[in-house]
Structures are given as C-alpha cells and as structure tokens.
Amino acid sequence: MFGKRIAVAFDASPDSRKALERATELARELAGEVFVVTVYEPIPFSFDEGAVYVAAENEAMRVFREKAAVGQQLCEEAGIKAHSQVLYGHPAEELIKYAEQERIDLIVTGTRGQGGFASLLLGSVAQKLVKYSPVPVLVVK
C-alpha cells in the first residue's frame, strides 16, 4: 500500500523538521512507519591533513548519529514507529539507493537543508530527489 514506508531526509534544519512533521502525520493516517535518514557528505581533504581529517570525520559522524536519533525520538514521541539511519555519501544519491533497498513508498524532504546558498528556490538535494528518484517525493515548504 502506498505510503506505509516513509523515508524522511532529516538534518535537524527547520525545513527538515517540517518534513518530519508531515511524514509523521502521513504515517499516522496510513498506519505506516517512518525511516529518518541523515546523510553525511564526506569532507574534502588533502593527504597532509590525514590525522585532522580522521578526527573531523569521527566528530561529524557522531553529530549526524545524534541528529538521526533526535528525528527518531520525535517520531516515537508522536506515537509513530520509527527507524533512524546515517548514510555516507552524496545525500540525494544515498537517499535514492536507501529508498530502493528498503522498499520505501515515499521520500519526504524539506525545500532546503543546512547546505549553503546552493539554490534560490529549492535546495540541491530536493531538486535531485525530485528529478532522479524512482520513488515518489514529497517536498514540504
């Protein structure tokens, strides 16, 4: 049934929180479950920065795990069965792969995340999800 397995692109930004709220509403209406997905995009580095890079990566992964846990907790507080996952790579690509592997029925995303001034109207991750995902995408304003 459509909408039973809902993935949310969550980075704790205000737009991703709105997306999470909408996903929990849909999950409640459809007796579905929410998959809170946070994607860590690797930091570019040079080889002379190796030790500093590893420390920065470890800290970043810790922060992203915390973000995913917050999203899962918000769902559970709303009475929705939830799972959280931290992926590593380009956010849109990883979300699409995850959605296919986990048989997700719908991806919910905010218009923009914590990225910089990448787009004026729609964030680059949301744009790529809408354009390339074989799974339906709901963009929440």
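Our structure's up above, just so we're on the same page.
Described in the following lines is the structure provided in the data block. (Residues numbered from 1 in each chain as written. Predicted model: local features only at pLDDT ≥ 70, side-chain atom pairs only at ≥ 80, totals over all residues. Heavy atoms only, no water.)

**Structural notes on the packing of aromatic side chains**
Summed over all chains, the structure comprises two aromatic pairs. Ring centres of Tyr40 and Phe64 lie 5.1 Å apart, and the angle between their planes is 65°; this geometry places the pair in the edge-to-face category. Here Tyr40, found in strand S2 (residues 33–40), pairs with Phe64, found in helix H2 (residues 50–77); they are 24 residues apart in sequence, far enough to count as distant. Seen in terms of ring centroids, Tyr40 and Tyr88 are 5.6 Å apart; in terms of plane orientation they differ by 45°. Their pairing is tilted. Of the two residues, Tyr40 sits in strand S2 while Tyr88 sits in strand S3 (residues 82–88), which places them 48 residues apart along the sequence. Here Tyr40 falls in the buried class, since its relative accessible area comes to 3%. Judged by its relative accessible area of 40%, Tyr88 falls in the partly exposed class. Every member of this aromatic cluster is reached through a ring pair, and the members are Tyr40, Phe64 and Tyr88. Cation over ring: Lys67 sits above Phe64, and NZ or CZ is 4.7 Å from the ring centre. (Phe/Tyr/Trp six-rings, centres within 6.5 Å; stacked < 30°, edge-to-face > 60°. Helix = DSSP H or I, 4+ residues; strand = E, 2+ residues; numbered from the N terminus. Buried < 20%, exposed > 50% of the residue type's maximum accessible area, 1.4 Å probe, protein only. Lys NZ or Arg CZ within 6 Å of the ring centre and 35° of its normal.)

The quantities given are spatial measurements derived from coordinates; they are silent on function.
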